[in-house]
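For reference, the chains in residue letters:
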Amino acid sequence: MPKFPRHQIMSLTADQARHELGESYGPDLRLAELLIPELGDLELGYGTAAGDARLRTAIAERHGVRADDVVVTVGGMHGIFLLAYLLAERGEVVTTAPEFPMTRSAFETVGASVRVVPVSFDDGYRVRADAVRAQLTPETKLVSLATPQNPSGVAVPLPVLREIVEAMDEICPDAYLLVDETYRVATYGSDEAAATAVGLGPRVVSVASLSKCHGAAGLRIGWVISTDPALVERLVTAKFSTVVSVSPVCEALAVRVFDLENLAERSSCLEQNLLITQDWVNANSRFVEWVRPSAGALCVVRVKVDVGRFKEAAAQAGVRLADGDWFGDESRVFRLGFGYLPAPDLKAALHALTGALEQADLGI
């Protein structure tokens, strides 16, 4: 098996589909929104190994930590890979299934043995502390969870995370809890963002990025937050040893993203598209069912018609979906990204999806 196996989710980076429902983030920012004359004076040298001080401060302020607790990475996946390499190489990892496939790949790439906590559509993708506890052993080096999860968008409540930390203190006190909070602040309307998990203790590590909530995936800016100084030092060294630094141009633009932060506006758009999706599910309830997400631009839908015919009809209609089996989920489900398209385009894509469901139901 190759170190970095090719995965079908890479297809999302290919040509744009006519009806894009496979993506999992909101509308993209445009470079013109971030450019200011002062950026013309930016020197194109190396950045720092830890990351630009202004950017680390902006991230720290939003998490109630010190700037020294933040390491800027090349996207969130870079942070996850570094943590996997540093903490779990040839060790034991406890994580969920389904989950974002590249996270699972990172653990497999570093030779970790993976113990799985299954979560399911029928149980609303709830992560239970007792189920995680059941998979912990004294050999566990890393527990990896996402909240909200990808693909479901379902959050793990902070009290559940606290119970998991307590179980880890008892069974595997040297292990770390990695919490992927990529979608944490992608809320709906007036909903408040959940508190970050990083305050649960020095062995809880938060990973996130500008990609999903802020519409700036192209900047490739992520971060790891840890209140364990020894781990931060190891991360900075590992980052320097792999990429030296993040592009100072991207870091400067990332500071601008935070300066112009428009989460309220984006939350309003997400709420509008969530309600459109909810109405579509209700109108097509004889064909589909869903689990309503807690936050994020994504949800999971399960079909009640022939899966093969449905996927073929959807592809013919130009609708791109993210198949459930990409994430280790059942074949009847798919991740529906409702936040990427403007509302009128989302309605058109869902209308095309209805046609695919009707064709599959009739056996056409």
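Residues numbered from 1 in each chain as written. Predicted model: local features only at pLDDT ≥ 70, side-chain atom pairs only at ≥ 80, totals over all residues. Heavy atoms only, no water.

Caption draft 1: Summary view of the overall build of the protein. If you tally the helices and strands in the protein, you get 10 helices and 13 strands. The C-alpha atoms of the protein give a radius of gyration of 20 Å, which matches the 21 Å a tight globule of 364 residues would have. Principal axes of the C-alpha set define a box for the protein whose edges measure 60 × 55 × 40 Å. When each of the 364 residues of the protein is scored for burial, the buried share is 55%. By element, 52% of the accessible surface of the protein is carried by carbon and sulfur atoms, the whole surface being about 16000 Å². Put simply, the protein has 34 plus and 47 minus side-chain charges, and the middle of one group is 3 Å from the middle of the other. (Helix = DSSP H or I, 4+ residues; strand = E, 2+ residues; numbered from the N terminus. Rg over C-alpha atoms; globule rule 2.2 N^0.38 Å. Buried < 20%, exposed > 50% of the residue type's maximum accessible area, 1.4 Å probe, protein only. Areas by Shrake-Rupley, 256 points an atom, 1.4 Å probe, with all protein chains shown as cover. Lys, Arg positive; Asp, Glu negative; His and termini not counted. Charge placed at Lys NZ, Arg CZ, Asp CG, Glu CD.)

Caption draft 2: Summary view of the pattern of salt bridges. Per the counting criterion, the structure on display carries 18 salt bridges. A salt bridge links Asp123 to Arg128; the nearest nitrogen and oxygen atoms lie 3.0 Å apart. For Asp123, a relative accessible area of 24% puts it in the partly exposed group. Relative accessible area serves as the criterion here: at 36%, Arg128 is assigned to the partly exposed category. The salt bridge involving Glu330 is made with Arg332; its shortest N-O contact spans 3.4 Å. The class for Arg332 is partly exposed, based on a relative accessible area of 33%. Salt bridges linked by common partners bring Asp122, Glu289, Arg302, Glu330 and Arg332 together as one network. (Salt bridge = Lys/Arg side-chain N within 4 Å of Asp/Glu carboxyl O.)

Caption draft 3: Structural context of the layout of surface pockets. Computed from the structure, the largest pocket encloses a volume of approximately 1100 Å³. Lining the largest pocket we find 43 residues, and of these Met77, Phe100, Met102, Lys212 and Arg220 sit closest to its centre. Residue contributions to the lining of the largest pocket peak at 5 residues, all from helix H3 (residues 101-109). By residue class, the composition of the lining of the largest pocket is 20 nonpolar, 15 polar and 8 charged. Its boundaries defined by the atoms lining it, the second largest pocket holds a volume of some 250 Å³. Of the residues in the lining of the second largest pocket, the class split is 11 nonpolar, 3 polar and 4 charged. (1 Å grid on protein atoms, 1.4 Å probe; cavity = no way out; pocket = protein on both sides within 12 Å on 5 of 7 lines; lining within 4 Å. Points joined across faces, edges and corners; volume = space filled by probe spheres on them. Nonpolar A, V, L, I, M, F, W, Y, C, P; charged D, E, K, R; others polar.)

Caption draft 4: Quick peek at the sheet that holds strand S12 (residues 322-323). Read from one edge of the open sheet, 4 strands run S9-S10-S13-S12, paired in antiparallel fashion. Two strands bound the open sheet, and with one partner strand each, they are strand S9 (288-291) and S12. Pairing between S9 and strand S10 (residues 298-303): 4 bridges, direction antiparallel. Of the residues in S10, the one forming a bridge with Glu289 is Arg302. The strands that helix H8 (residues 263-283) touches are S9, S10 and strand S13 (333-337); relative to S9, the one it contacts most, it runs at about 140°. (Pairing = 2+ DSSP bridges. Contact = heavy atoms within 4.5 Å. Axes fitted to C-alpha atoms, helices over the stretch in contact; angles between N-to-C directions.)

Caption draft 5: Broad picture of the side chain of Thr96. Structurally, Thr96 can be placed in strand S3 (residues 92-97). Given the relative accessible area of 6%, Thr96 is considered buried. Here Pro98 takes part through its backbone oxygen, which lies 3.4 Å from a polar atom of the side chain of Thr96. Ignoring any residue separated from it by four or fewer positions in sequence, one finds Thr96 in contact with Val116, Val117, Val127, Ser144 and Leu145. (Polar contact = N/O pair within 3.5 Å; in protein donor to acceptor, adjacent residues only side chain to side chain.)

Caption draft 6: Looking closely at helix H1 (residues 53-61). Every buried residue belonging to H1 is among Leu55, Arg56, Ala58, Ile59 and Ala60, and all of these are buried. Between a side-chain oxygen at the N-terminus of H1 and the backbone nitrogen of Arg54 the separation is 3.0 Å; the capping residue is Asp52.

Caption draft 7: Geometry of unusual backbone geometry. The residue after Ala97, namely Pro98, is reached through a cis peptide bond having omega 5°. As for its position among the elements, Pro98 is in the loop between S3 and H3. Cis peptide bonds are those with omega within 30 degrees of zero, and the linkage from Thr147 to Pro148 qualifies with -10°. Mapped onto the fold, Pro148 is located in the loop between strand S5 (140-146) and helix H5 (158-171). In this model, Arg90 sits at a positive phi of 55°, which is unusual for a non-glycine residue. The backbone of Val244 shows a phi angle near 70°, a positive value even though the residue is not glycine. Turning to its location among the elements, Val244 is positioned in the loop between helix H6 (229-242) and helix H7 (248-259). Under the relative-accessibility criterion, Val244 is labelled partly exposed at 28%.

Caption draft 8: Seen up close, the nonpolar core. Grouped together as the largest cluster of nonpolar side chains are 38 residues, with contacts concentrated most on Leu21, Trp280, Phe310, Leu336 and Leu353. Every element with two or more residues in this core is listed here: H8, S9, S10, helix H9 (307-316), S13 and helix H10 (343-362). Here the element with the most residues in this core is H10; it accounts for 9 residues. In this structure, Leu336 is in contact with Leu21, Thr277, Trp280, Ala297, Leu298, Cys299, Val301, Leu350 and Leu353, ignoring residues within four places of it in sequence. With 29 residues, the next largest nonpolar core counts Ala129, Val156, Val165 and Val179 among its residues. (Core = buried A, V, L, I, M, F, W, Y, C linked by side-chain atoms within 4.5 Å.)

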